[in-house]
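# Descriptive analysis of the structure
Residue-level listing of the chains:
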Amino acid sequence: MFFLRAKYIRRIIAVLEEIEKGNLQQRINIYSKGASGRLCQAIDRGISALSAQINVLRKEAAKGNAILTNMVEGVIAIGSDGRILSLNPTAEKVFNIRKQDAEGRLFLEAIRNNDISEIINRVLKSGEPLAIELTLILPVQKVFRINASAIFENNSVSGCVLVIHDITQMRRLEKVRSDFVANVSHELKTPLTSIKGFVETLLEGAIDDKENNREFLRIIQEQAGRLDALSRGLLDLASLEEQGIALKKERVNLKELADNALIAFEAELKKKEIEAENEMADNLLVSADKNKIEQVFANLIDNAVKFNRQRGSISIYAEETADNKIKVTVKDTGLGIPAKELPRVFERFYRVDKARSRSLGGTGLGLSIVKHIIELHGGSIEAESSEGIGSEFFFTLPK
Ligand SMILES: Nc1ncnc2c1ncn2[C@@H]1O[C@H](COP(=O)(O)OP(=O)(O)OP(=O)(O)O)[C@@H](O)[C@H]1O
Ligand SMILES: [Mg+2]
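Residues numbered from 1 in each chain as written. Chains lettered and ligands numbered in written order. Predicted model: local features only at pLDDT ≥ 70, side-chain atom pairs only at ≥ 80, totals over all residues. Heavy atoms only, no water.

### Comments concerning the domain arrangement of the protein chain
Looking at the assigned domains, one finds that the protein chain contains domain 1 (6-67), domain 2 (71-166) and domain 3 (246-399). Its C-alpha centre places domain 2 at a distance of 52 Å from the equivalent point of domain 3. (Domains from an automatic or database assignment.)

Printed below as a string of structure tokens:
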């Protein structure tokens, strides 16, 4: 016969009641010899094993939770009855809904989106994964890719998980790239068509037309020059956009660089009777890539000459800024840029007057190359302009 003392029984019941409440630290702690002691110790071992397993499960759950909470993607879990089981903070933000208002409710009640509700129903029915793209205004327009996959339990669908990726930036970059390709093709096509046309005309007999043949050849030469400028501009941009491009930095004198750049424009300046003044101080030194900054001056001066009026002027001056940078200004008295066009002039191929720029041999790449170079140096560039009065382009460079 096996007797368990009343006080042991009370102790066992008290401990089990604590365990029931979730207090897994409790043990019976009775070590008497004989069957009662062994029973109590066996129960204690059982509690310890159970508590260890529960701890492992808690840690796993906490890990899962931490991952879900910190995910950039939105995640929503839905039960087989179409009710939301849980959602992470990103999903709360995307759909502008609070966890406590969403969990337990039917998807369509909590988030009024028919397209998503439709794919949830299809996934719950078929078990096959599905994906859709969705544009939401929140309040800015964003594009999301939503992947829905089934959760299986014992070979049958027990729910569905939605993963929501924000692909706005990716779509934007794709558009920039495809616009760029379209622009390049267009820019290449124009001079090529012209060259082809005039070569054909010459071959068909115009070569013997003493009055026009030289003019046709001059046009061909001009268009070949455009193709050359375009390919050089594109190569410059491509090399500037390369990740981790190395600048050959050295101490350079800004006034000297501007003077070097100005020399190349002597003939043009004379032809247009433009007064160009380099008012920079002699001692402005910055740590920069000499050739690239000279190219910046050349491109800005080229614009200041091209878009200037007859007998206009250009001045280049510089000052030190409060944050230890040098701010250089290239100012002209040209036709100016309309205010609404101003923010776009640094875009590739953007020209206020395409026909005019083309006839001046422009590719529309000059300012975007300038912007790239300045930003690679840790500086920035801006422009101000008054139509009919002139423009100012100013860039900063760290010393
Ligand atoms: N100083 C300026 N005055 C008036 N308009 C300007 C001036 N600088 C730039 N722009 C406008 O901005 C556009 C873009 O300039 P950008 O230098 O990139 O191209 P571009 O000069 O036309 O071609 P490229 O530089 O290849 O010769 C120009 O076509 C012109 O419309
Ligand atoms: Mg230019």
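### Some words on the nonpolar core
If you look at the biggest cluster of nonpolar residues, it comprises 47 residues, and the most contacted ones within it are Leu254, Phe297, Ile316 and Phe395. By residue number, the principal contributor to this core is helix 11 (residues 290-306), which donates seven residues. Once you skip the residues sitting within four places of it in the chain, Ile316 turns out to touch Ala258, Leu262, Glu277, Asn278, Glu279, Met280, Phe297, Ile301, Val328, Thr329 and Val330. Within the second largest apolar cluster, 27 residues are counted, among which are Ile111, Val123, Ile132 and Ala150. (Core = buried A, V, L, I, M, F, W, Y, C linked by side-chain atoms within 4.5 Å. Buried < 20%, exposed > 50% of the residue type's maximum accessible area, 1.4 Å probe, protein only. Helix = DSSP H or I, 4+ residues; strand = E, 2+ residues; numbered from the N terminus. Contact = heavy atoms within 4.5 Å.)

### Some details on the packing of helix 7 (residues 168-203) against helix 8 (residues 213-241)
Orientation of helix 7 relative to helix 8, taken along the N-to-C sense of each, is 160°, at an axis distance of 9 Å. On the basis of their axis angle, the class for helix 7 and helix 8 is roughly antiparallel. Where helix 7 crosses over helix 8, the two elements pack in a sense that is left-handed. Here Phe180, Val184, Glu187, Leu188, Pro191, Leu192, Ser194, Ile195, Phe198, Val199, Thr201 and Leu202 of helix 7 come into contact with helix 8, specifically with Asn213, Phe216, Leu217, Ile219, Ile220, Gln223, Ala224, Arg226, Leu227, Leu230 and Leu234. Considering only residue class, the contact of helix 7 with helix 8 consists of 17 nonpolar, four polar and two charged. (Axes fitted to C-alpha atoms, helices over the stretch in contact; angles between N-to-C directions. Parallel < 35°, antiparallel > 145°, perpendicular 65-115°, else oblique. Left-handed = near helix turned anticlockwise from the far one by under 90°. Nonpolar A, V, L, I, M, F, W, Y, C, P; charged D, E, K, R; others polar.)

### Things to note about the environment of Phe3
With respect to the secondary-structure elements, Phe3 resides in the segment before helix 1 (6-21). Measuring from C-alpha to C-alpha, the distance between Phe3 and Ser36 comes to 7.7 Å, with 33 residues separating the pair along the chain.

### Quick look at the site of ligand 1
Neighbouring residues of ligand 1: 20 residues in total, closest Lys306, Asp332, Ser357, Thr363 and Leu367. Between ligand 1 and Ser391, the relevant distance is 3.4 Å, taken from a nitrogen atom to a side-chain nitrogen or oxygen of the residue. In the complex, 94% of the free accessible area of ligand 1, which totals 590 Å², lies under the protein chains. At a threshold of 2 Å from the grid points, most atoms of ligand 1 map onto the largest pocket. Listed by contribution, the elements that provide at least two residues to the shell around ligand 1 are helix 11, helix 13 (366-376) and strand 12 (390-398). Top element by residues in the shell around ligand 1 is helix 11. It accounts for three residues. Looking at side-chain class alone, the shell around ligand 1 contains eight nonpolar, eight polar and four charged residues. (Near = heavy atom within 4 Å. Polar contact = N/O pair within 3.5 Å; in protein donor to acceptor, adjacent residues only side chain to side chain. Areas by Shrake-Rupley, 256 points an atom, 1.4 Å probe, with all protein chains shown as cover. 1 Å grid on protein atoms, 1.4 Å probe; cavity = no way out; pocket = protein on both sides within 12 Å on 5 of 7 lines; lining within 4 Å. Sits in = over half its atoms within 2 Å of the grid points.)

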